[in-house]
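# A look at the structure
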Amino acid sequence: MTVKETTNPKPASPSGDPDTAGRPKRDPRDTPAMRQYFGFKRQHPDCMLFFRMGDFYEMFFEDAIAMHKALGVTLTQRTEGVPMAGVPHHAAEGYIRRLIAQGFRVAVCDQIQDPKDAKGVVERAVTRVLTPGTLVDESLLADDASNCLAAISFLDAGDEPECRVAIALIEASTGAFTIIDSSARAAPDELIRRNVTEIIHAESADGQTPARATRLLEAARIPGTPRPAWEFRLAEGAAALHAHFRVGSLAGFGLAEDDPALSAAGAVLRYLLETQSPGVTIDGSGQERPASDANSDRRQPTLAHLQPPRREPVGHHLMIDATTLRALEVERTIRASDADGALLGVFSGRGACKTPMGRRLVRDWLCRPLAQLDRIEARHGCAATLTQDARTLSHLESALSHVQDVARIAGRIGVGRAAPRDLVALGGSLAQNRELAKAISNALAFSDQQSQLQSLHAVTEELAHIINKTCVENPPAHLREGGLIRDGVDRALDEARALRSDAGKWLAEYQASLTAEHNLPNLKVGFNRVFGYYIELPRAQADRAPSAFTRKQTLKNAERYITPELKEFEQKVQSAEGRAIEREQRLFADLCAKAADHISTISAFAQVAGELDALACFARVASARGWVKPEMTSAPELEIREGRHPVLEDTLSGDFVPNDVELGTAESPARLALITGPNMAGKSTYIRQTALIALLAHAGSFVPAKSARVGMIDRIFTRVGAEDALHAGQSTFMVEMTETANILRHATGASLVILDEVGRGTSTLDGLSLAWAVAEELATVRAAAAHQPSCPRVLFATHYHELTSLEEQLPGSVANLHVAVREWNDEIVFLHRIAPGRTDQSYGVHVARLAGLPDRVIARAREVLSSLAVSHEGDIGVGVAATGVAPSTPPASAQLSLFREYIEHPVVERLRAVELEKLTALEAFDLLRALTEEAEHPAE
Ligand code: ADP
């Protein structure tokens, strides 16, 4: 779509009150409809206003121009000086979706009165305000990802990273309401992990966004919506929760009346209510008044689906920061930003979930793995049962395949926007409760889910029965023409319908009688949507039309007429139809109200069904790919036999080379493994697959390995690849060091750290020194965790071979691994096999040749390399032992000449030690000669 430049003259501002004095009488903006428009625009100044006029939504003034620029919608003029852009009402959702994606907020202003009943301007009201975080409409949401709204509230004064922040999250489409206690530092990661798309926060007294809120929003890269500060007051928060949940005390939700988190909880609830509730209407003079709503088929949003707030206990989940999620490509790949090729993609292929709830839950489980042994083992147990019992699995899956997106249907019922199809889908889904329970009835591992399904059974059965008995199986998309309620359910409806179905008979008889009476054998009685009932005669017979026939329409070859009798019949049928539709709408509303009464049961059913689906998906993937159940322990160990990369093993199929990992075990006590090897050998793959296996194990999934023993992990840290953070004004090296600093400060004895090429972003000497110090720090002292002196489990891939001497210097703490390579006829063959020990070859020139560098450049590089190697030979044995670098000292090796410029020559040390007064002149001369020689010929 091209964004066309507008040639429209600058419009007058719509913000001016049309009623202000001084405006010329015949101002084109001073019509009743435009006065209404301005009134709504005043109510929603920050929104693009979709103003319903007949079959179109129209935008005016700046909105029209913005719409034209953003989506290329044709810009016209309503009258001169009033720019206008319109979209057909039935296509509005598509435009709204694209506007929201571009960061617009949209207010939809509908006609809430039948134009036929309007005296003057038709009654309108804003029925929906759509913002990124408050979407509930199916067409505006991806079904495999949750979409959350968050409110943040800083609980301490000051701007410290550890300042406490309360986060209240609502997933508007399902009603999940969560409170999280966080810190300013951890908040962005929390928000990103949960797919928050909009954050509301308090404005400062001068209406600005406070600096610390701005920083948090920028770190999370999520748009913010400022709200008045009073909405974040504790008392307001408590009052909002009391009022909505109709409770006198919040104790039942585990919240004290003065819980600091109520500030955020109240604000998020208030905002959601505001966006979902219809506003007051505005009449043709621009005055506000309550909506009569008499003729609207819109049901009031009750937000009945909103669940009471649940505080998420700290420490129940393994912490993965946003950097790590991105670097490990859990949800999407870095390059294509796509689930295909990411860890999530593994669970979307064969064995994928059957329900949207399952799909969303798998995503959530992968992004927020568990940190509690018993809960992890419960998931493993369920997945194991299903991998061993194919019948139970297929029974479960066949029941799940009939379950629709119940969680979001509950949401649409709660906001009064459920469609007939939602209701029918709900009935069909709830009816599966019995089948789901039956499928897992013999599976001990599923006893929790079994008892939950049983406790829901009575209500789900009843609701399913009522819905399925009342509604047809294939309902229409909307109720404009009826067709949802079965025959025989309601007498009044049946009677109204009988009239309509008798119409055919009556018309046939009427046609026969007219034909006979007037001897017009080609006369036909018919119906069309626009003109209603008619009598049609071929043009050639038009002159024989009796006088009682009134001409209604002229076609090319025919004339159409109406008679008083036919008109009367038409009115009777129409009023019967109107009655039938009205009746259906009432019955539909009753059913929705009934469902709303049991919404907590519906949400609970959605939760259990989603869980069963996610577990079935884990089992399917495990079986299809030969994954194993990991053994979880509480020791700080990690032992993986023949581990594979979950994504690459599929891409490379049989060619993937499995590898072992052993950290912190009895046989291999070192917790830090240094992995050296040439580029392209497979170092990154190895360390990433280890982190992914640990993550999968904690998510409750099986893992791609022959066996795995995983000691519980509290956090996974990564420092891999140079991610582009130029947007934040940081250089690649700065990002690398910031992430490394974060790891050094926060890794504990229970953490898993993977580091790829730390120190690459700066000069070799700097880089080597930093890599050295970082490895040493991780393997020995733990600065931040002085009270907890154990080291994290670390995989450290590096091209600085010098680091491998840490193995000798920190015995038992560091182990060397390398990736095996075979040299063959001046070529290298990557074996991708990890083996103990070090390597001292980089094979950079070989890799460059593989990458297609011109032969001339390769030959020259070889020349340069060999001359450098010769000149470095003399460096071997530089006496670095006396340099005082502690606690471990860099080794003597060829490349350590790099350190020379920073290391004192040993001669200096010896000179310092000389006690001149104790030397004879001859001794002094001998010493001087020795030192001179040593200075000239080092490393002797
Ligand atoms: P490095 O980090 O050492 O530069 P990578 O881990 O990026 O190397 O691996 C380079 C390529 O080698 C990968 O894209 C993959 O195609 C292949 N590779 C890596 N590990 C394996 C393995 N275990 N089995 C088979 N191929 C592998």
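Quantities reported herein were computed from a predicted structural model and do not represent experimental measurements.

Our focus in this paragraph is the overall build of the chain. Helices and strands together make up the secondary structure of the chain, namely 28 helices and 29 strands. When each of the 940 residues of the chain is scored for burial, the buried share is 49%. Once local pairs closer than 6 in sequence are excluded, the contacts in the chain between residues at least 24 apart make up 68%. In the structure as shown, the chain presents an accessible area of about 43,100 Å², 52% of it carried by carbon and sulfur atoms.

One open sheet accounts for seven strands, arranged 15-25-26-27-23-28-29; its pairing is mixed. Of all the strands in the sheet, just strand 15 (319-320) and strand 29 (827-836) have a single pairing partner and so form its edges. Where strand 25 (residues 715-719) lies against strand 26 (residues 752-756), four bridges are found, and the strand directions are parallel. When the sheet's bridge partners are listed, Ile716 is paired in strand 26 with Leu752. Packed onto the sheet, helix 21 (residues 683-699) meets strand 15, strand 23 (672-676), strand 25, strand 26, strand 27 (793-797), strand 28 (814-824) and strand 29 and runs at close to 160 degrees relative to strand 26.

Here we take up helix 12 (residues 390-400). Those residues of helix 12 not exposed but buried are Thr392, Leu393, Leu396, Glu397, Ala399 and Leu400. Along the axis of helix 12, the buried residues cluster in a sector spanning 160 degrees; they form a single face. Residues of helix 12 that are exposed and angled more than 90 degrees away from the buried face: Ala390 and Arg391. Buried residues in helix 12 make contact with helix 11 (373-388), helix 15 (433-439) and helix 19 (599-625).

Attention now moves to the pattern of salt bridges. Applying the stated rule across the entire model yields 53 salt bridges. As a salt-bridge pair, Arg233 and Glu236 come within 3.8 Å of each other at their nearest N and O atoms. In this structure, a network of salt bridges that share partners links the residues Glu190, Arg193, Arg194, Glu312, Asp364 and Arg368.

Attention now goes to the pairing of strand 25. With five of its five residues buried, strand 25 lies for the most part within the structure. Burial along strand 25 is two-sided: the residues Arg715, Phe717 and Arg719 and Ile716 and Thr718 are all buried. The sheet contact formed by strand 15 and strand 25 spans two bridges and is parallel. Note on strand 25: the bridge partner recorded for Ile320 is Ile716.

For the ligand, the set of nearby residues contains 13 residues, the closest of which are Val657, Met680, Lys683, Ser684 and Thr685. A distance of 2.7 Å separates an oxygen atom of the ligand from a polar backbone atom of Met680. In this structure, an oxygen atom belonging to the ligand sits 3.0 Å away from a main-chain N or O atom of Gly682. Taken by itself the ligand offers 560 Å² of open surface, and the protein chains cover 78% of this. In terms of residues, the shell around the ligand owes the most to one element, helix 21, which gives three residues. Here the residues of the shell around the ligand sort into six nonpolar, five polar and two charged.

The strand order 3-4-2-1-5-6 describes an open sheet built from six strands, whose pairing is mixed. The strands lining the two open edges of the sheet, one partner per strand, are strand 3 (76-77) and strand 6 (124-130). One ladder, built from three bridges, connects strand 1 (residues 48-53) with strand 2 (residues 56-60); its direction is antiparallel. Directly across from Met53, in strand 2, lies its bridge partner Phe56.

Mapping Glu93 onto the fold places it in helix 3 (residues 92-101). The exposure class of Glu93 is partly exposed, given its relative accessible area of 22%. Taking the C-alpha atoms as reference points, Glu93 and Leu140, 47 residues apart in sequence, are found 7.1 Å from one another. Dropping the residues within four chain positions of it, Glu93 is found in contact with Arg128, Asp137, Ser139 and Leu140. Within the structure, the side chain of Glu93 is placed 2.9 Å from the side chain of Arg128, a separation counted as a polar contact. Only 3.0 Å separates the side chain of Glu93 from the side chain of Ser139, close enough to count as a polar contact.

In this section: the nonpolar core. Ranked by internal contacts, the top residues of the largest apolar core, which has 121 residues, are Phe347, Val362, Leu366, Leu396, Leu426, Leu436 and Phe605. Looking at this core, the element that brings in the most residues is helix 19, giving 15 residues. With sequence-adjacent residues up to four places away left out, Phe605 is seen in contact with Val403, Val406, Ser429, Leu430, Asn433, Leu436, Leu453, Leu456 and Thr460.

By the bridge criterion, five bridges tie strand 23 to strand 28 in an arrangement that is parallel. Its bridge partner lying in strand 28, Ile675 is registered against Leu817. The loop that links strand 28 with its antiparallel partner strand 29 comprises two residues; one of these, Asn825, has a positive phi angle of about 50 degrees.

This part takes up helix 11. Between its terminal C-alpha atoms helix 11 stretches 22 Å, which fits the 22 Å expected from 16 residues at 1.5 Å a residue. Buried within helix 11 we find Ile376, Arg379, His380, Cys382, Ala383, Ala384, Thr385 and Leu386.

What follows covers the packing of aromatic side chains. Aromatic rings considered in pairs are described by the distance between their centres and by the relative angle of their planes. Applying the stated criterion across every chain, the model contains 18 aromatic pairs. Ring geometry for Phe50 versus Tyr57: centroids 5.8 Å apart, planes at 55 degrees, classification tilted. Residue classification places Phe50 among the buried residues on the basis of a relative accessible area of 0%. Ring plane angle 45 degrees and centroid distance 5.5 Å describe the contact between Phe549 and Tyr561, whose orientation is recorded as tilted. Taken together, the residues span a long stretch of sequence, with Phe549 in the loop between strand 17 (532-538) and strand 18 (550-554) and Tyr561 in strand 19 (residues 558-562) at a distance of 12 residues. In terms of burial, Phe549 and Tyr561 fall into one category: buried.

As a packed pair, helix 16 (residues 447-470) and helix 19 sit with axes 10 Å apart at the nearest point and diverge in direction by 130 degrees. Between helix 16 and helix 19, the angle falls in the class oblique. The handedness of the crossing between helix 16 and helix 19 comes out as left-handed. Along its contact with helix 16, which presents Gln449, Gln452, Leu453, Leu456, Val459, Thr460 and Leu463, the element helix 19 presents Thr601, Ile602, Ala604, Phe605, Val608, Glu611, Leu612 and Leu615. Across the contact of helix 16 with helix 19, the residue classes tally to 10 nonpolar, four polar and one charged.

This brings us to the environment of Ala92. The residue Ala92 is located in helix 3 in this model. Counting along the chain gives 36 residues from Ala92 to Phe56, while the straight-line C-alpha distance between them is 8.6 Å.

Right, let's get into the confidence of the model for the chain. Averaged over all residues, the pLDDT of the chain equals 85, while 88% of them reach at least 70. Below a pLDDT of 50 lies the segment residues 1-24, which in the model reaches 40 contacts outside its immediate sequence neighbourhood of four places, other chains included. Within the model, pLDDT remains below 50 along residues 872-887, and this stretch shows 22 contacts once partners closer than five positions in the same chain are excluded.

Along the chain, Glu58 turns up in strand 2. Discounting residues that sit within four places of it in the chain, Glu58 has contacts with Leu49, Phe50, Phe51, Met53, Met84, Ala85 and Gly86.

Right, let's talk about the side chain of His380 for a bit. Along the chain, His380 falls in helix 11. Relative accessible area serves as the criterion here: at 1%, His380 is assigned to the buried category.

Quick look at unusual backbone geometry now. Here Glu642, not a glycine, exhibits a phi torsion of approximately 50 degrees, which is positive. Looking at where Glu642 falls in the secondary structure, it is placed in strand 21 (residues 638-643). Despite not being glycine, Ser653 has its phi angle at roughly 35 degrees, a positive value. If you trace the backbone, Ser653 turns up in the loop between helix 20 (648-651) and strand 22 (659-663).

Rules of the game
Residues numbered from 1 in each chain as written. Predicted model: local features only at pLDDT ≥ 70, side-chain atom pairs only at ≥ 80, totals over all residues. Heavy atoms only, no water. Helix = DSSP H or I, 4+ residues; strand = E, 2+ residues; numbered from the N terminus. Buried < 20%, exposed > 50% of the residue type's maximum accessible area, 1.4 Å probe, protein only. Contact = heavy atoms within 4.5 Å. Areas by Shrake-Rupley, 256 points an atom, 1.4 Å probe, with all protein chains shown as cover. Pairing = 2+ DSSP bridges. Axes fitted to C-alpha atoms, helices over the stretch in contact; angles between N-to-C directions. Arc of directions from axis to C-beta. Salt bridge = Lys/Arg side-chain N within 4 Å of Asp/Glu carboxyl O. Near = heavy atom within 4 Å. Polar contact = N/O pair within 3.5 Å; in protein donor to acceptor, adjacent residues only side chain to side chain. Nonpolar A, V, L, I, M, F, W, Y, C, P; charged D, E, K, R; others polar. Core = buried A, V, L, I, M, F, W, Y, C linked by side-chain atoms within 4.5 Å. Expected span 1.5 Å × (residues − 1). Phe/Tyr/Trp six-rings, centres within 6.5 Å; stacked < 30°, edge-to-face > 60°. Parallel < 35°, antiparallel > 145°, perpendicular 65-115°, else oblique. Left-handed = near helix turned anticlockwise from the far one by under 90°. pLDDT = per-residue confidence, 0-100.

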